[in-house]
Amino acid sequence: MGQLIATAEAGTGDELAFAERLIAAYPDDARLHFLRGSFLAGSGRPIEAHASLSLAVQLAPDFHLARFQLGFFELTSAEPARALATWEPLGALPEDHYLSHFVAGLTHLIHDRFPETIRELEVGISANGENPPLNRDMALIIEQCGGLAPPPAAAEPVEEASATSFLLGQLGGRGTTH
């Protein structure tokens with residue numbers, strides 16, 4: 001596992017082939033399928049990425065990071081209902097867990113509640129010491145939401161998911177690989 005992560009960090013482009021060799025040797029290792037899915041998402045192969053991330057969650061339903069990333073991938077693929085269903089088991093996490101805050105923030109995002117999105121994502125970033133690349137993804141969402149939040153006194157109804165669709169379209173090509 002360490003060699004695979006080192007290969008990915010080196011940026012040689014060999015990480016996907018290396019992950020596939022490891023999966024051939026250890027087909028039931030959810031971590032390998034998760035990393036493969038992340039590599040595939042990052043290389044613009046969404047159908048294969050979704051299948052690999054889904055398999056990681058199927059193999060290890062309590063692999064919380066894989067479940068979160070699968071839902072995040074679904075959200076950025078314009079499938080918010082599917083993302084919410086994927087994230088549902090994460091509701092059992094402690095309220096102070098960073099993934100709980102990230103899910104809450106992204107759920108607010110789906111409903112165009114940008115101030116709440118920002119608040120939850122900021123709390124999640126503060127609580128997340130495990131996964132700095134994920135914090136960077138959430139910070140990008142916060143940055144984009146800052147320009148979409150209406151002033152409190154001038155809040156008006158907006159078309160369903162219009163701003164969210166725009167924001168997620170901006171993030172769709174980016175994926176967390178860790």
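Heads up: the structure comes first, above all this text.
Here, residues in each chain are numbered from 1, in the same order as that chain's written sequence. Only residues with pLDDT of 70 or above have their local features reported here, since the model is predicted, and side-chain atom pairs are shown and tallied only from 80 upward, although totals for entire chains, interfaces and linings are computed over all residues. Side-chain measures were taken over the full set of non-hydrogen atoms in the model, leaving aside hydrogen atoms and water.

Asker: Which parts of the structure should I look at to understand the environment of Gln-144?
Answerer: In DSSP terms, a helix is any run of H or I states spanning at least four residues, a strand is any run of E spanning at least two, and both are numbered starting from the N terminus. Mapped onto the elements of the fold, Gln-144 is located in helix 9 (residues 132–146). Throughout, exposure labels follow a simple rule: accessible area from a 1.4 Å probe, protein chains only, divided by the maximum for the residue type, with under 20% read as buried, over 50% as exposed, and the rest as partly exposed. Exposure remark for Gln-144: the relative accessible area of 29% places this residue in the partly exposed category.

Asker: Can you help me understand helix 5 (residues 64–76) in this one?
Answerer: Residues three or four positions apart in an α-helix share a direction because the helix packs 3.6 residues into each turn. Multiplying one less than the number of residues by 1.5 Å gives the expected span of a helix. For helix 5, built from 13 residues, the straight-helix expectation of 18 Å at 1.5 Å per residue is met to within 8% by its first-to-last C-alpha distance of 18 Å. By the criterion of burial, helix 5 is predominantly enclosed, with 12 of the 13 residues buried. Buried within helix 5 we find Leu-65, Ala-66, Arg-67, Phe-68, Gln-69, Leu-70, Gly-71, Phe-72, Phe-73, Glu-74, Leu-75 and Thr-76. Just downstream of helix 5 lies Ala-78, where phi reads positive at about 65°.

Asker: Sorry if this is basic, but what is going on with the pattern of salt bridges here?
Answerer: Two side chains of opposite charge can pair, provided their charged atoms sit close to one another. Each salt bridge in this description consists of a side-chain nitrogen of Lys or Arg and a carboxyl oxygen of Asp or Glu lying within 4 Å of one another. Taken as a whole, this structure holds 6 salt bridges when the rule is applied. Put simply, Arg-45 and Glu-48 hold a salt bridge, and the shortest N to O gap is 2.7 Å. Between Glu-79 and Arg-82 there is a salt bridge; the shortest N-O distance is 3.0 Å. Here the residues in one salt-bridge network are Glu-74, Glu-79 and Arg-82, joined through shared partners.

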